[in-house]
Amino acid sequence: MKLKVTITGENVHNVGYRYFLMTSAIDQGLDGFNARNTMKGNEQQVVALIEGNEEAIAGFKKLAESQRPEHSLVSSIVFEDTNSNVMKTGEYAQVCTAIQLNKAIPLLLDMRDDLKEMKGDMKEMKGDIKEMKGDMKVVRKNTDIIPQIHEEIKGMREDIQPGYAAQFRLVQADIRAIKERLGMS
């Protein structure tokens, strides 16, 4: 027995409908199955051809009417007898695998290129981190001597202060002497 199944709706493409139907065909033990996406005016269609015994086809019809892919929007499902050639279910599964690989390969190549770029970026970052570690060693070395420099400055100030005090006293004495001579005191 052969049957043509036409599923029409606003969103039946790119939601996994053909794969959903193929899985149902395999689960029901259908001998033949193939499906394709088409358009009817502005509406999307999935047209599937199935072949098998009456029991398997009845089970497939029941699943097709009661279940659908999560994001699909279906307006009608029509079943009609057909004399069309139907691909073996296993052969169609192989075709679907090839189709999916064909979609996946460009994505995998992009991912490979992105990974190469990320590796380059990581090498660059590793170099930057090494450079930063070197800079941190210099900063740490410089900050380690700050207390030593502080002590040296403190010592210099203590060395200088007694000299300033003596000079200051001399200057004051000179100013007093000048004032006395001028009669300003």
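Residues numbered from 1 in each chain as written. Predicted model: local features only at pLDDT ≥ 70, side-chain atom pairs only at ≥ 80, totals over all residues. Heavy atoms only, no water.

A. Focus on a nonpolar patch on the surface. Together, L101, I105 and L109 make up an exposed nonpolar region whose accessible area comes to about 260 Å². Counting through the fold element by element, I105 comes out in helix α3 (residues 89-144). For I105, a relative accessible area of 44% gives the class partly exposed. (Patch = residues over 30% accessible without salt bridge, like charges linked within 9 Å, V, L, I, M, F, W, Y side chains within 5 Å. Areas by Shrake-Rupley, 256 points an atom, 1.4 Å probe, with all protein chains shown as cover. Salt bridge = Lys/Arg side-chain N within 4 Å of Asp/Glu carboxyl O. Helix = DSSP H or I, 4+ residues; strand = E, 2+ residues; numbered from the N terminus. Buried < 20%, exposed > 50% of the residue type's maximum accessible area, 1.4 Å probe, protein only.)

B. Quick peek at the sheet that holds strand β1 (residues 2-9). Reading across the sheet, the 4 strands line up as β2-β3-β1-β4 and stay open at both edges, with antiparallel pairing between neighbours. Two strands close off the open sheet at either side, each with one partner strand: β2 (32-40) and β4 (76-81). Adjacent strand axes in the sheet meet at a mean angle of 20 degrees when their direction is disregarded. When β1 meets strand β3 (residues 43-51), the two strands line up antiparallel, connected through 8 bridges. (Pairing = 2+ DSSP bridges. Axes fitted to C-alpha atoms, helices over the stretch in contact; angles between N-to-C directions.)

C. Molecular detail of the packing of aromatic side chains. In this structure the tally under the stated criterion is 3 aromatic pairs. Arranged with centres 5.9 Å apart and planes meeting at 85 degrees, the rings of Y17 and F20 form a pair that is edge-to-face. Of the two residues, Y17 and F20 both sit in helix α1 (residues 17-28), 3 residues apart, roughly one turn of that helix. Y17 sits in the buried class, given a relative accessible area of 1%. The class for F20 is buried, based on a relative accessible area of 19%. A ring pair is formed by F33 and Y92, whose centres lie 5.2 Å apart and whose planes are at 75 degrees; its orientation type is edge-to-face. Here F33 is found in strand β2, whereas its partner Y92 is found in helix α3, with 59 residues between them in sequence. Judged by relative accessible area, which is 0%, F33 ranks as buried. Among the aromatic side chains, those forming a connected cluster through ring pairs are F33, F60 and Y92. (Phe/Tyr/Trp six-rings, centres within 6.5 Å; stacked < 30°, edge-to-face > 60°.)

D. Spatial organisation of the nonpolar core. Grouped together as the largest cluster of nonpolar side chains are 23 residues, with contacts concentrated most on L21, F33, I50 and F60. Those elements that provide at least two residues to this core are β1, α1, β2, β3, α2 (54-66) and α3. (Core = buried A, V, L, I, M, F, W, Y, C linked by side-chain atoms within 4.5 Å.)

E. Representation of the side chain of T6 in the model. Looking at the secondary structure, you find T6 in strand β1. Exposure remark for T6: the relative accessible area of 9% places this residue in the buried category. Not counting the four nearest positions on each side in its chain, T6 is found in contact with Q45, V46, V47, S76, I77, V78 and E80. (Contact = heavy atoms within 4.5 Å.)

By themselves, these are just geometric observations and shouldn't be taken as functional.
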